[in-house]
Amino acid sequence: MSYNDFSIQTNLLHNKHKFDPATGAVSVPIQHASTFHQSKFDQFGEFDYSRSGNPTRQALEEAIAELEGGTRGFAFSSGMAAISTAFLLLSKGDHVVITEDVYGGTYRMVTDVLIRFGISYTFVDMTKLDEVKASIQSNTKLIYIETPSNPLLKIIDIKALVELAKENNCLTFVDNTFLTPALQRPLDLGVDVVLHSATKFLAGHSDVLAGLAVVKDEGLGKQLYKLQNSFGAVLGVQDAWLTLRGMKTLYVRLAQSQATAIELANKLIGHPAIEEVYFPGLQTHPGYEIQKSQSNGPGAVLSFRLKDEDAARTFVEHVKIPVFAVSLGAVESILSYPAKMSHAAMPREERYKRGITDGLLRLSVGLESVEDLLKDFELALEKVEITSNRSPV
Ligand SMILES: *Cc1c(COP(=O)(O)O)cnc(C)c1O
């Protein structure tokens, strides 16, 4: 049996790096060295300089490559460093078709930075295949996908877009941060580059910033390696170790958080103070069938819409368990308010057009007891109802 025959749950623990061949240590050693002694006058060893390659970082890179079903993985100092470096596969004059509710940092990279280097873009609602088709130009070189999307958890049909990309000779990137290879493996669906903010579910403990990129094609792997080494935004060894450590429990964390998210979403959907619940695990979600066909689950992030800003404020001020913060994918539940956090820079009208209203809250479900979370939410929602039913003075 090769490691490839095991399920991801087993593979997270029993892989090439289950112990250190030099000592038998069952944790990957942290190799701080920046440079490596060359024992021959005219011959380099496997490692020469830590920007170009480091054993601890390499262990993480090999682990993520295997989990995603790729041939090569690359670790960066943040998710944005991974995404920005991958964009350097493009050249002046190229055009990008990109999902309209892409992560804010990616939006900024494309609209504020790449444009200055002659790389143009079109944002589209990627749930509408016709609109994606119509936005492809003769110089389109990349279709950039994020699914489920943030914060409305829209589902994009990865296979359909890969097909469209192949017909038009362009690459596809998928930001797989929300689901991780435990739930979705885009390379298996024909995607060229998978990107991660490993800061979120992969590392999982709100204690490290890290980014990853994985490819299957070896030529693309060589190009991306050259870019990683040229740009130099590599992940430090302590953070590579923390990410590896976090990944060992990825499967159980996600399974538990996802089960709780499903239960919460089903409770919230019937609540009178809640106008809408956005979660691809609900059968009423428009992307439910696609999500079922291309992933192993809906993940552990959901959003819900209260009446207005006052209702959202009342809820946040009364709910006790989640931390109120940006970010997601951690052991603790994280509640965030997109209108004033991730999408604060977006004009109100633009924000509303995208469905990110003043009453919208996003929840990343952690590992707390589902009963405690349900009770906590119920009590906070009661306050919302009382406050909003009070007649204005
Ligand atoms: C957080 C996040 C990023 C950026 O990652 P950093 O590690 O913060 O640089 C990119 N994409 C998605 C979907 C994210 O949630």
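Residues numbered from 1 in each chain as written. Predicted model: local features only at pLDDT ≥ 70, side-chain atom pairs only at ≥ 80, totals over all residues. Heavy atoms only, no water.

Participant: Help me out: how do you make sense of the overall build of the protein in this one?
Facilitator: Tallying secondary structure elements over the protein gives 14 helices and twelve strands in all. In terms of its C-alpha atoms, the protein occupies a principal-axis envelope of roughly 85 × 50 × 35 Å. Evaluated residue by residue, the protein yields a buried proportion of 53% over its 393 residues. Of all intrachain contacts in the protein linking residues separated by at least 6 positions in sequence, the fraction that spans at least 24 positions is 70%. For the protein, the exposed surface amounts to about 18,200 Å²; the carbon and sulfur share of it is 52%. (Helix = DSSP H or I, 4+ residues; strand = E, 2+ residues; numbered from the N terminus. Buried < 20%, exposed > 50% of the residue type's maximum accessible area, 1.4 Å probe, protein only. Contact = heavy atoms within 4.5 Å. Areas by Shrake-Rupley, 256 points an atom, 1.4 Å probe, with all protein chains shown as cover.)

Participant: Explain the domain arrangement of the protein here, please?
Facilitator: Many descriptions give the size of an interface as the accessible area lost when the pieces come together. The domain architecture assigned to the protein consists of domain 1 (7–247) and domain 2 (250–388). Domain 1 and domain 2 are separated by 27 Å when their C-alpha centres are compared. Surface buried jointly by domain 1 and domain 2 totals about 3,000 Å² across both partners, of which 64% is contributed by carbon and sulfur atoms. Considering only the side of domain 1, the residues that lose the most area to domain 2 are Leu 152, Leu 183 and Phe 201, jointly responsible for 24% of the buried surface there. Summed over the shared surface of domain 1 and domain 2, the number is zero salt bridges. On the surface where domain 1 and domain 2 come into contact, there are 14 residue pairs in polar contact (both at pLDDT 80 or more). For the side of domain 1 that touches domain 2, the secondary structure elements donating two or more residues are α1 (8–11), α6 (158–167), α7 (180–183) and α9 (237–247). The element that contributes the greatest number of residues to the side of domain 1 that touches domain 2 is α7, accounting for three residues. The residue inventory of the side of domain 1 that touches domain 2, partitioned by class, reads 18 nonpolar, nine polar and five charged. (Domains from an automatic or database assignment. Buried area = accessible area lost by both parts, 1.4 Å probe. Salt bridge = Lys/Arg side-chain N within 4 Å of Asp/Glu carboxyl O. Polar contact = N/O pair within 3.5 Å; in protein donor to acceptor, adjacent residues only side chain to side chain. Nonpolar A, V, L, I, M, F, W, Y, C, P; charged D, E, K, R; others polar.)

Participant: Would you explain the site of the ligand in this entry?
Facilitator: Lining the immediate surroundings of the ligand are 15 residues, of which Gly 79, Met 80, Asp 175, Thr 199 and Lys 200 lie closest. Lys 200 has a polar side-chain atom sitting 2.7 Å from an oxygen atom of the ligand. Starting from 380 Å² of accessible surface for the ligand in isolation, the protein chains cover 93%. Tallied by class, residues from the shell around the ligand come to seven nonpolar, five polar and three charged. (Near = heavy atom within 4 Å.)

Participant: What is the right way to read the pairing of strand β4 (residues 140–146) from this model?
Facilitator: The side chains of a regular strand alternate, residue by residue, between the two faces of the sheet. Counting buried residues along β4, six of its seven residues qualify, which places the element largely inside the surrounding structure. As defined by bridge partners, strand β2 (residues 95–99) adjoins β4 across four bridges and the pair is classed as parallel. The residue bridging Val 97 from the neighbouring strand is Ile 143, located in β4. Strand direction decides the pairing type here: β4 and strand β5 (residues 171–175), joined by five bridges, are parallel. (Pairing = 2+ DSSP bridges.)

Participant: So what exactly am I meant to see when it comes to helix α10 (residues 250–268) here?
Facilitator: The periodicity of an α-helix, 3.6 residues per turn, causes residues three or four places apart in sequence to face the same way. Here α10 spans 26 Å end to end across 19 residues, near enough to the 27 Å set by a 1.5 Å rise per residue. Of all the residues in α10, the buried ones are Leu 250, Arg 253, Leu 254, Ser 257, Gln 258, Thr 260, Ala 261, Leu 264, Ala 265 and Leu 268. On its buried face, α10 sits against α7, α9, β8 (276–278), β9 (301–305), β12 (360–364) and α14 (370–389). (Expected span 1.5 Å × (residues − 1).)

Participant: Just to check I follow, could you spell out the environment of Leu 220 for this structure?
Facilitator: Along the chain, the position of Leu 220 falls in helix α8 (residues 218–231). Through-space distance from the C-alpha of Leu 220 to that of Met 341 is 35 Å; in sequence the pair is 121 residues apart. If we ignore the near neighbours within four places in the chain, the residues touching Leu 220 are Leu 89, Leu 171, Asp 192, Val 193 and Val 215.

Participant: I'm lost on the nonpolar core in this one. Help?
Facilitator: Generally speaking, nonpolar side chains in soluble globular proteins are found buried as a group. Leu 60, Met 126, Ile 143 and Leu 161 are the most contacted members of the largest nonpolar core, which totals 49 residues. Where this core is concerned, the elements lending two or more residues are α2 (55–68), β4, α6, α7, β7 (211–215), α9 and α10. At six residues, α2 tops the list of elements feeding residues into this core. Counting only domains with at least three residues in this core, you end up with domain 1 (7–247) and domain 2 (250–388). Excluding residues within four positions of it along the chain, Met 126 makes contact with Val 97, Ile 98, Thr 99, Val 132, Ile 143, Tyr 144, Ile 145, Ile 156 and Leu 161. Of all hydrophobic cores here, the second largest spans 30 residues; its members include Phe 279, Phe 315, Leu 374 and Ala 380. (Core = buried A, V, L, I, M, F, W, Y, C linked by side-chain atoms within 4.5 Å.)

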